[in-house]
Every structure is written in structure tokens, then in C-alpha cells.
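Spelled out from the first residue to the last, the chains are:
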Amino acid sequence: MMLKASNDRKGYLMEKQELLELRKILESRECDNVLILTHKSPDGDTLGCGFALCEYLRDIGKKANVINNENFPVRYNFLYDGYYVQEFEPSYIIAVDVADTQLLGTHLAKYMEDGIIDLCIDHHISNKFFAKSTFLDARASAAALIFYEYFKTIGYKMSDHIALCLYTAIATDTGCFKYQNTIPEAHMAAADLMQYDINFSSINHKMFDAKSRGRIKAEQQVISNMEYYYEDKCTLIVLTQSLMNSCGAEPAEFEGLASIPLEIEGVQIGITIKERHENVFKLSVRTTEEIDASKFCKNFGGGGHIRAAGCEIHGTLEEVKKRVLREVERALGIKNEE
Ligand SMILES: [Mn+2]
């Protein structure tokens, strides 16, 4: 089953029929032993969806585990509080919030081959349709919104912990309900989820306000070294391995730094270049409405959302910068006089 992105629906993000199809799958014998895959450098959405789905499956009598390329970040420990690994041989594999098998990470490389993943539930317009079945809603602010609609549609009584997982996922993927991708349904879901016993203000403090000393140090460094281009319409920050090591913070703490370049007034495209390994860089692009970040990253084989996207570029830092800035020039519509 291949479902197209739904972009102009009111009420249900996915059609009720599609969600009932999903129920048929999840309740089937085939789904007795489910392995749930989340994307590398995990965020609140992939983990929130993973642990919500896991709890739901266990609740309806299935066995389920959640795995990730890395150890689950401590930052999100409230999402896997009480989680334990079950013993079983997986009969069905589900990827959540994963647009491309490459995003699973090298430790999960064995799941990248064609035909291994049975089901993908996602909201990235760039989804590669790698799974046998894909439930994609590109309008959803977070993949968790699809799960929220699913639970509501089938009349499943969510636990407080599932509500916490879904709330966290929606809040984080919308930047606390302020990114362009925030649709009315995200607010409506959040309003409903707030009625469960979840400490939403504590979650939001942890996710958006509280920072470790290492994180503050990293911010200091990237801000003081920020580069400005094209009449300050483009800003660029670089996170090298040596900078990250010098801050004494764990990898997950460097997430979200990509929003800093766009905090400068008048900037239309903010770029974060993060060193993965020698000569391998991860690019995170954030844009205002003038520029399509997903289109921008497609030039380098990446993708994502209209205001936030990413890609990987190989080369020395200088080469990568040069290639990226040439593309920025084009995106800003600057004529090259040479
Ligand atoms: Mn997501």
C-alpha cells in the first residue's frame, strides 16, 4: 500500500479509512512481534512515536521493542522511563519518523536493504517509500500527529505516558508550536493531550529552555565564530569535532544549534555545517519564507521540510563551504558578475 501525502484535508489528517487499515495491520498476527526502528541522532518525534507505539502494541498483547543507532539520549529519558527490552524474534518491522533508510545509521545498516522494513509511518515529504507499506502524511507537523489521529479514530484509551510521548513529539517537531509546520490540528492535539496527567511545562522547560554548561559553551563558540554572507541574508556556523569535544557535552546536546543562524534579523537562510567524520559534513538548513530549504538540500542529495532540511556533503570544510555558498547565491537570486 502506498499512500500519497494529503495536503488539503480538514479534520482527520489521514482519512479514517486509512487509519482503520493501519489498525488491521497492527492488530494482525503478523504484528505479534514488532521491532520499531527510530532514526539516528534521535529527536522527540521519532522517540515519542517509537515508545508510544511500543506501549500500545504491548497493551494489545503484542511483543515490541524500540531500537536506535545510538543509546537513547538521557535528555529524553522521561520518554523511556519504565521501558524494558522484550525477548523475541521480530516478525514485523516498523520505522517511525524515518524518511530514508540511510537515516537509520550505520549500526542499523542491516535494515537498510530493500524489502526488510514492513511498514513506515512518517510525515516527511522527502520520504523514499522504502517500506513495503508507507503511511505518510506530509501535512502532519510531527509523525506523532498521525499516531494521535490513529488512537482517536480507533477509540484507544491512551495512557498518560502515551500522551506524554505524543505531546513531547509534537512540541519538539514544531519548535514549541512556532514553526511554519504547526497546523491547527497540532494545537488541537496538544490541547487534548494537556488534559492527561503530563507535566507539559516541565517538558517544555527541559526541551526548550534548560541547557547544560557544555551546550552553552558550544553556543558561545558558534555565535562568536558565526559567518555572515550576502548582505547578512545568509549566516553560517561550523561545528567541528574538535569544537564539540572541547565543550564536554554529549552528542544529543548539539541538536537544535541549527536554529541559531536564523535568529539574526534579516537572515533568510541559516546554515549549520557539522563535521561527522573527516571530510564528511552534515548540513542543516533553516530558512524564512523566501527560500525552500528542502529544495536547497535536494541539490546535495538531501531533503526535509520547506523551512528545515538537511543533507550530507563530502569534502574538506573549505570545499563544502564553497559549494554551499554557491548554491546560496543561486537561492538568493544573486547574479554572478564575473
Ligand atoms: Mn518528525
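Procedures and definitions
Residues numbered from 1 in each chain as written. Predicted model: local features only at pLDDT ≥ 70, side-chain atom pairs only at ≥ 80, totals over all residues. Domains from an automatic or database assignment. Nonpolar A, V, L, I, M, F, W, Y, C, P; charged D, E, K, R; others polar. Core = buried A, V, L, I, M, F, W, Y, C linked by C-beta atoms within 7 Å. Buried ≥ 20, exposed ≤ 12 C-beta atoms within 10 Å, placed from the backbone. Helix = DSSP H or I, 4+ residues; strand = E, 2+ residues; numbered from the N terminus. Pairing = 2+ DSSP bridges. Axes fitted to C-alpha atoms, helices over the stretch in contact; angles between N-to-C directions. Contact = placed C-beta atoms within 7 Å. Right-handed = clockwise from strand over helix to strand, strands pointing away. Parallel < 35°, antiparallel > 145°, perpendicular 65-115°, else oblique.

Student: Got a sec to walk through the domain arrangement of the chain? Specific residues and values, please.
Tutor: Looking at the assigned domains, one finds that the chain contains domain 1 (16-207) and domain 2 (213-331). In this structure, domain 1 and domain 2 have C-alpha centres spaced 27 Å apart. Each residue belonging to the side of domain 1 that touches domain 2 can be placed in one class, and the counts come to four nonpolar, five polar and two charged.

Student: Give a detailed account of the nonpolar core, specifying residues and quantitative values.
Tutor: Leu 166 and Ile 170 are the most contacted members of the largest nonpolar core, which has 63 residues in total. Among the elements that line this core, the one with the most residues is helix α4 (residues 160-173), at nine residues. Counting residues in each nonpolar core, the second largest holds 30 residues, with Val 222, Leu 236, Cys 297 and Val 324 among its members.

Student: Tell me about unusual backbone geometry, and name the residues and values.
Tutor: Phi at Glu 231 is positive, roughly 50°, even though this residue is not glycine. Residue placement: Glu 231 occurs in the loop between β6 (227-229) and β7 (234-239). The class of Glu 231 is exposed, set by 9 C-beta atoms lying within 10 Å. If you check the backbone angles, Asp 232 has positive phi at about 65° while not being a glycine. Checked against the element boundaries, Asp 232 lands in the loop between β6 and β7.

Student: How would you explain the sheet that holds strand β1 (residues 33-37) if you had to name every residue and give the values?
Tutor: Ordered in space as β2-β1-β3-β4-β5, the five strands form an open sheet in which the pairing is parallel. Of all the strands in the sheet, just β2 (63-67) and β5 (133-136) have a single pairing partner and so form its edges. Each strand axis lies, on average, 20° off the axis of its neighbour in the sheet, ignoring direction.

Student: Which residues make up the sheet that holds strand β10 (residues 303-304), and what values go with them?
Tutor: Taken in spatial order, the six strands of this open sheet run β6-β7-β8-β9-β11-β10, and their pairing is mixed. Pairing within the sheet leaves two strands with one partner each, and these edge strands are β6 and β10. Summarising the sheet, β7 and strand β8 (residues 269-277) pair through six bridges and their orientation is parallel. Paired with Val 238 across the strands is Ile 273, a residue of β8. Docked against the sheet, helix α10 (residues 317-331) engages β6, β7, β8, β9 (280-287) and β11 (308-314), running at close to 155° with respect to β8.

Student: An account of the pairing of β1 is needed here, citing residue identities and associated values.
Tutor: Taken across its five residues, β1 has four buried, putting it largely inside the fold. Pairing of β1 with β2, which is carried by five bridges, proceeds in the parallel orientation. The partner of Leu 35 across the bridge, within β2, is Asn 65. Handedness of the crossover joining β1 and β2 through helix α2 (residues 44-59): right-handed.

Student: Describe the environment of Phe 281, listing the residues and the values that go with them.
Tutor: Within the secondary structure layout, Phe 281 lies in strand β9. Taking the C-alpha atoms as reference points, Phe 281 and Thr 101, 180 residues apart in sequence, are found 18 Å from one another. With residues up to four places along the chain from it excluded, the contact list for Phe 281 reads Ile 273, Lys 274, Glu 275, Arg 276, Glu 312, Ile 313 and Val 320.

Student: I'd like a description of the packing of helix α1 (residues 16-27) against helix α3 (residues 143-154), backed by residues and values.
Tutor: The description of two helices packed together rests on the angle between their axes and the distance between the axes. Orientation of α1 relative to α3, taken along the N-to-C sense of each, is 85°, at an axis distance of 10 Å. Classified by the interaxial angle, the pair formed by α1 and α3 is roughly perpendicular. Listed contacts from α3 to Lys 16, Leu 19, Leu 22 and Arg 23 of α1 are Glu 149, Tyr 150, Thr 153 and Ile 154. For the contact of α1 with α3, a count of residues per class yields four nonpolar, one polar and three charged.

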